Amino acid sequence: MVFAVVTGGGTSGHVIPAQAILEALQENGVSPERLKYVGSRRGVETTLMSSTEIGCEFLPISGLQRSLSVRSLARNLALLWRLPYSNLLARRLVKKWQPRVVVSVGGYASQPMSSAARRSGVPLVCVSYDRVAGLATRRQSRYAQVCAVAFSDTSLPNAQHTGAPVRAVLRHLDVRASRESARRALGIDPHALCVTIVGGSLGSGVLNNIVATLASACARLDNVVIYHLCGVRNENEPPAVVPPNVHYVRRGYEFRMAELYAATDVLIARAGASTVAEIATVGVASVLVPWSAAAEHHQELNARWLSENGGALVVSENEIGTSRGIQAVVELLENSTHRGEIAARAYELGAIHRGKSLVEVIENAAR
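So, here is what we can say about the structure in this document. Please read all numbers here as calculations on a predicted model, not as lab measurements. (Residues numbered from 1 in each chain as written. Predicted model: local features only at pLDDT ≥ 70, side-chain atom pairs only at ≥ 80, totals over all residues. Heavy atoms only, no water.)

A few words now on the sheet that holds strand β5 (residues 124-128). Strand order in the open sheet formed by seven strands is β3-β2-β1-β4-β5-β6-β7, and the pairing between neighbours is parallel. Looking at strand neighbours, the two that pair on one side only are β3 (55-59) and β7 (159-161), the edges of this open sheet. Sheet twist, expressed as the average angle between the axes of neighbouring strands with direction ignored, equals 25 degrees. As paired elements, strand β4 (residues 101-104) and β5 share three bridges and run parallel to each other. Looking at β5, one finds that Val 103 is bridged to Val 125. (Pairing = 2+ DSSP bridges. Helix = DSSP H or I, 4+ residues; strand = E, 2+ residues; numbered from the N terminus. Axes fitted to C-alpha atoms, helices over the stretch in contact; angles between N-to-C directions.)

It is worth spelling out the nonpolar core at this point. Membership of the largest hydrophobic core comes to 69 residues, with the highest contact counts inside it found for Ile 21, Leu 25, Val 101, Val 125, Leu 288 and Leu 306. Counting 26 residues, the second-largest nonpolar core is a separate cluster that includes Ile 210, Val 224, Tyr 248 and Val 330. (Core = buried A, V, L, I, M, F, W, Y, C linked by side-chain atoms within 4.5 Å. Buried < 20%, exposed > 50% of the residue type's maximum accessible area, 1.4 Å probe, protein only.)

What follows concerns helix α15 (residues 336-349). The end-to-end C-alpha separation of α15 is 20 Å, in line with the 20 Å expected for 14 residues at 1.5 Å each. Burial in α15 covers these residues: Arg 339, Ile 342, Ala 343, Ala 346 and Leu 349. Projected down its long axis, α15 shows its buried positions confined to an angular sector of 120 degrees, all on one face. Away from the buried face of α15 by more than 90 degrees, exposed residues Thr 337, Glu 341 and Glu 348 are located. Measuring from the side-chain oxygen of the N-cap residue of α15 to the backbone nitrogen of Thr 337 gives 3.2 Å; that N-cap residue is Asn 335. (Expected span 1.5 Å × (residues − 1). Arc of directions from axis to C-beta. Polar contact = N/O pair within 3.5 Å; in protein donor to acceptor, adjacent residues only side chain to side chain.)

This paragraph deals with the sheet that holds strand β11 (residues 266-269). In spatial order, the strands read β10-β9-β8-β11-β12-β13; together these six strands make up an open sheet with parallel pairing. What marks the edges here is a single partner per strand, and that holds for β10 (246-251) and β13 (313-314). Against the sheet, helix α9 (residues 211-218) makes contact with β8 (193-198), β9 (224-229), β10 and β11, and its axis sits at roughly 170 degrees relative to β9, the strand it touches most. (Contact = heavy atoms within 4.5 Å.)

What follows deals with the pattern of salt bridges. Counted by the stated rule, this structure contains 13 salt bridges. Across the pair Arg 256 and Glu 254 runs a salt bridge whose closest N-O atoms are separated by 2.8 Å. For Glu 254, a relative accessible area of 5% puts it in the buried group. Several salt bridges share partner residues, and in doing so they unite Arg 179, Arg 183, Asp 265 and Arg 339 into one network. (Salt bridge = Lys/Arg side-chain N within 4 Å of Asp/Glu carboxyl O.)

For the rest of this paragraph, the subject is the packing of aromatic side chains. Under the counting rule described, the total for this entry stands at three aromatic pairs. Ring geometry for Phe 151 against Trp 305: centres 5.3 Å apart, planes inclined by 85 degrees, an arrangement best described as edge-to-face. One end of the pair, Phe 151, is in the loop between β6 (146-149) and β7; the other, Trp 305, is in helix α12 (residues 298-307), with 154 residues separating them in the sequence. Residue classification places Phe 151 among the buried residues on the basis of a relative accessible area of 7%. Here the aromatic rings of Tyr 253 and Phe 255 are separated by 4.9 Å at their centres, their planes lie at 65 degrees, and the arrangement is edge-to-face. Positioned above the aromatic ring of Tyr 143, the side-chain terminus of Arg 118 is 4.5 Å from the ring centre. (Phe/Tyr/Trp six-rings, centres within 6.5 Å; stacked < 30°, edge-to-face > 60°. Lys NZ or Arg CZ within 6 Å of the ring centre and 35° of its normal.)

As a further point, take the side chain of Lys 36. Relative to the helices and strands, Lys 36 resides in strand β2 (residues 35-40). Each residue touching Lys 36, except ones within four places of it in the same chain, is listed here: Val 2, Ala 4, Val 5, Val 6, Leu 22, Ile 54, Gly 55 and Trp 97.

For the structure shown, the criterion picks out zero disulfides. Cys 194 provides the cysteine sulfur closest to Cys 230, a residue in no disulfide bond, and the two sulfurs are 16 Å apart. Cys 230 sits in the buried class, given a relative accessible area of 1%. (Disulfide = S-S within 2.5 Å.)

Moving on, we come to the pairing of β2. For β2, a buried count of six out of six residues is recorded, marking the element as mostly surrounded by other parts of the structure. Here strand β1 (residues 4-7) runs beside β2; their pairing, made up of four bridges, is parallel. Residue pairing in the sheet places Ala 4 in a bridge with Leu 35 of β2. Crossover connection from β1 via helix α1 (residues 12-27) to parallel β2: handedness right-handed. Bridging between β2 and β3 involves five bridges; their strand directions are parallel. Bridging across to β3, Tyr 37 finds its partner in Cys 56. (Right-handed = clockwise from strand over helix to strand, strands pointing away.)

Shown next as structure tokens:
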């Protein structure tokens, strides 16, 4: 019998938490053969889950497109068959696997299995790691046995404050002890000041556009590295032009995130839920730039949880590319004491993410 099915996906912001839950369950003694993952054929999970030993199923479900383009309208029309067919396949999987619990990490890909769990009487655990739960999670929470939440100030029913799901390699990371080996693995000078820019798996135009200005501002400092994750859809675009004394590394995506966190002095990032949870879990000094178009301003709220407790700086989209925003980054880069204070406070806030509360809630639901 399958112990747990973890479902959700579409973006790395959903898939990485799903991977973290699967890892945590295995750490707690559940064998990989008793775990399953269900996502979407159209999501990034088909790539991110390709190397796992967990059994995976990918349903034809797709997300609702809000654009009025011909392509988006065609994809929305396809939902008329994709949704009921995905629901049918999900019910068949539940009947075949007979899981003791279904765990939803949200996103459009989580709907079929969550619905099948409800129809089959299988306990459902909704995992919410945003300050404001997403639409899919809010809908599913109405029939979930428990909602495992990253933030205590939630309106979800039957909520238990468990912290967010974070990958095992980050939960067990000692940034200071790993710094030298991490820099060696990434080709970063061990004595350099390293600024890392992360805009998510697809990249951020706002963050990509600040590279040249930031590099010029850093040129007066001695030995600076800018490690830039521009996003897979942007990696073929011309790279930013930087001064010759600033070492610039540009990647579309980086799988070695533990090494990158350990190598980083200052992280510039969006404030997605997974990113904020990872920053707190490992303890790194960060400048967060919330995506202004995020639904219900959830990135702003995520970022404020860290910044209001001294665990990050927050700079708006409109300000990050200005002289004031760039100067905030450079000043933090220059001030090792301030960096250390921010990183230490973030690490304190991340204690709940490094614990076992989330696994315990899932296992209790499966009893």
